[in-house]
Amino acid sequence: MSWDELYLETCCRSALHRVVLSGATGRPVGPPPEGKMPDFRAPLKDRACLERLAGMGFAQQREDGRFEVTAAGRQRHEREILAMRRARHRRGGGGAR
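In what follows, the accompanying structure is described. (Residues numbered from 1 in each chain as written. Predicted model: local features only at pLDDT ≥ 70, side-chain atom pairs only at ≥ 80, totals over all residues. Heavy atoms only, no water.)

The next thing to look at is the overall build of the protein. If you tally the helices and strands in the protein, you get 3 helices and 2 strands. Mapped in sequence order, the helices and strands of the protein form the string α-α-β-β-α. Put simply, the protein has 97 residues, and 30% of those count as buried. Taking the intrachain contacts of the protein between residues at least 6 apart in sequence as the baseline, contacts between residues at least 24 apart amount to 54%. In the form shown here, the protein has an accessible surface area of approximately 6700 Å², with 54% of it arising from carbon and sulfur atoms. (Helix = DSSP H or I, 4+ residues; strand = E, 2+ residues; numbered from the N terminus. Buried < 20%, exposed > 50% of the residue type's maximum accessible area, 1.4 Å probe, protein only. Contact = heavy atoms within 4.5 Å. Areas by Shrake-Rupley, 256 points an atom, 1.4 Å probe, with all protein chains shown as cover.)

Listed below in structure tokens is the structure:
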């Protein structure tokens, strides 16, 4: 990361990772309609981070309301999140692969 890059808080790095993991389906901004999943009454806790990521150009909100990663977001995810995972693995820290 260079000194002039925007800093991502831990919560926003996690939200970026979840957006990447959601793939083509996209990350919803709230719970699904009643009866589709357990009853979650509150919007997703990472909504503020999703909006922050969109403002930084790392995600975008589609017409259906879901968020998807942008090319810039994929690059940032590769450089900041996946690189940390690879470094931990090389040091023998294990963790999720």
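Moving on from the model shown.
So, about the pattern of salt bridges. Tallied over the full model, the rule gives 7 salt bridges. For the salt bridge of R62 with E68, the shortest nitrogen-to-oxygen distance reads 3.6 Å. Taken together, the shared-partner salt bridges connect R13, R76 and E80 into one network. (Salt bridge = Lys/Arg side-chain N within 4 Å of Asp/Glu carboxyl O.)

Take A72: it is sitting in helix α3 (residues 71-90). Taking the C-alpha atoms as reference points, A72 and A59, separated by 13 residues in sequence, lie 8.1 Å from one another. Once you skip the residues sitting within four places of it in the chain, A72 turns out to touch G57 and F58.

Before going further, it helps to examine the side chain of E80. Tracing the backbone through its elements, the reader meets E80 in helix α3. Within the structure, E80 has its side chain in polar contact with the side chain of R76 (distance 2.6 Å). (Polar contact = N/O pair within 3.5 Å; in protein donor to acceptor, adjacent residues only side chain to side chain.)

Residue position: R62 is located in the loop between β1 (59-61) and β2 (67-69). With 34 residues separating them along the chain, R62 and P28 place their C-alpha atoms 10.0 Å apart. Excluding residues that lie within four positions of it along the chain, R62 makes contacts with A24, T25, G26 and E68. At a separation of 2.8 Å, a polar atom in the side chain of R62 contacts the main-chain carbonyl oxygen of A24. Here T25 takes part through its backbone oxygen, which lies 2.9 Å from a polar atom of the side chain of R62.

Before going further, it helps to spend a moment on the nonpolar core. With 15 residues, the main nonpolar core has L8, L16 and L53 as its most contacted residues. Where this core is concerned, the elements lending two or more residues are α1 (10-22), α2 (47-56) and β2. Looking at which element gives the most residues to this core, the answer is α1, with 5 residues. (Core = buried A, V, L, I, M, F, W, Y, C linked by side-chain atoms within 4.5 Å.)

This is a description of form; function is not addressed.
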